[in-house]
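Structural features, examined
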Amino acid sequence: MQIYTDRLFMTIQSLVTQHHTIYPWLPPQGIFFEALAERAFHLSGMPDAHIAQTATNAPAHDIIVGNERVSLKTETGRGTKPGLISITKLCTTEREPWEAATLIGRTTEHLSRYDLMLMLRAIWGDELIHYQLVDIPLELLRLIRRAELEPFGRRRGRGSLGGDITIGEQVVFHVHFDGSDGKCQVRNLLLARCRLLGEWEQRL
């Protein structure tokens, strides 16, 4: 089922613009983007019966559209880079044992709960925000299964683990398992390896 349409993109753009009339300096993120995305799918022509939102903070997809399970992500901080994507919380893997094979297994199992991942990104300028709406391929993220994790940082106690994911000789992203909070993070994911659904500028 094709749920990413030009009409959906235009609707999300319009709703983000409306959001800024209330919160001029605050891009929609977290539950605000989840609510905005759900509304956008309704307004873009998906019948109400085809959209079912899951429980807030559930460790699975955020919304179901038709038969597609969609994870919604945002990257809106002032350090957002135009061509490099960061996912600060792909999932949480705080349970022991804290070792490479187990962490990778939990993460790939988590990714199996999705069919699609949609991200809203905000790149800050002096007088505007440049927005990107991105479809992040799950097949790309599932390459985590072949990560060769190494200790990272000098934290006492449970240490962090990380490793580069490559395609050929190109590093396409870095996976990081944070020993302090148990989160799996994706760093420096190449936007060029993802599908840019559209972009626009919002004046502040």
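To be clear, the structure that these remarks concern was listed above.
Structure report, in brief.

So, how was this worked out
- Residues numbered from 1 in each chain as written.
- Predicted model: local features only at pLDDT ≥ 70, side-chain atom pairs only at ≥ 80, totals over all residues.
- Heavy atoms only, no water.
- Buried < 20%, exposed > 50% of the residue type's maximum accessible area, 1.4 Å probe, protein only.
- Helix = DSSP H or I, 4+ residues; strand = E, 2+ residues; numbered from the N terminus.
- Pairing = 2+ DSSP bridges.
- Axes fitted to C-alpha atoms, helices over the stretch in contact; angles between N-to-C directions.
- Parallel < 35°, antiparallel > 145°, perpendicular 65-115°, else oblique.
- Left-handed = near helix turned anticlockwise from the far one by under 90°.
- Contact = heavy atoms within 4.5 Å.
- Nonpolar A, V, L, I, M, F, W, Y, C, P; charged D, E, K, R; others polar.
- Core = buried A, V, L, I, M, F, W, Y, C linked by side-chain atoms within 4.5 Å.
- Expected span 1.5 Å × (residues − 1).
- Polar contact = N/O pair within 3.5 Å; in protein donor to acceptor, adjacent residues only side chain to side chain.

Focus on the pairing of strand E9 (residues 170-177)
Burial analysis of E9 places six of its eight residues in the buried class, the great majority of the element. In this structure, strand E8 (residues 160-167) lies alongside E9, joined through seven bridges in antiparallel fashion. Paired with Ile 165 across the bridge in E9 is Phe 173. Following E8, the chain reverses through two residues before pairing antiparallel with E9; Gly 168 in that reversal takes a positive phi of roughly 65°. Inspection of the sheet shows E9 paired to strand E10 (residues 183-190) by four bridges, in the antiparallel sense. Considered in E10, the bridge of Val 175 is made with Val 186. Following E9, the chain reverses through five residues before pairing antiparallel with E10; Gly 182 in that reversal takes a positive phi of roughly 75°.

Description of the packing of helix H1 (residues 6-22) against helix H2 (residues 31-43)
Across the interface, H1 lies against H2 with an axial gap of 9 Å and an inter-helix angle of 135°. For the element pair H1 / H2, the angle class is oblique. As H1 runs across H2, the sense of the crossing is right-handed. From H1, Arg 7, Leu 8, Thr 11, Ile 12, Leu 15 and Val 16 reach across to H2, where they touch Leu 36, Arg 39, Ala 40, Phe 41 and Leu 43. When the residues that make up the contact of H1 with H2 are grouped by side-chain class, the tally is eight nonpolar, one polar and two charged.

Digging into the nonpolar core
Core analysis: the largest hydrophobic core is formed by 32 residues, its most contacted members being Ile 136 and Leu 141. Formed by 27 residues, the second largest nonpolar core is a distinct cluster that contains Tyr 4, Leu 8, Leu 116 and Trp 200.

Considerations on the sheet that holds strand E7 (residues 150-152)
Reading across the sheet, the five strands line up as E4-E10-E9-E8-E7 and stay open at both edges, with antiparallel pairing between neighbours. Since the sheet does not close on itself, it has two edges, and those belong to strand E4 (84-92) and E7, each with one partner. Averaged over neighbouring strand pairs, the angle between their axes works out to 30° when direction is ignored.

What to know about the environment of Thr 11
With respect to the element layout, Thr 11 can be found in helix H1. We classify Thr 11 as buried; its relative accessible area is 13%. Along the sequence, Thr 11 and Arg 39 sit 28 residues apart, while their C-alpha atoms lie 8.9 Å from each other.

Thoughts on helix H3 (residues 100-111)
Residues lying three or four places apart along an α-helix face the same way, a consequence of the helix completing one turn every 3.6 residues. Counted at 1.5 Å a residue, the expected span for H3 with its twelve residues is 16 Å, and the 17 Å between its end C-alpha atoms agrees. Check the buried side of H3 and you find it contacts E4, helix H4 (138-141), E8, E9 and E10. One side-chain oxygen at the N-terminal end of H3 lies 3.2 Å from the backbone nitrogen of Ala 101; it belongs to Glu 99.

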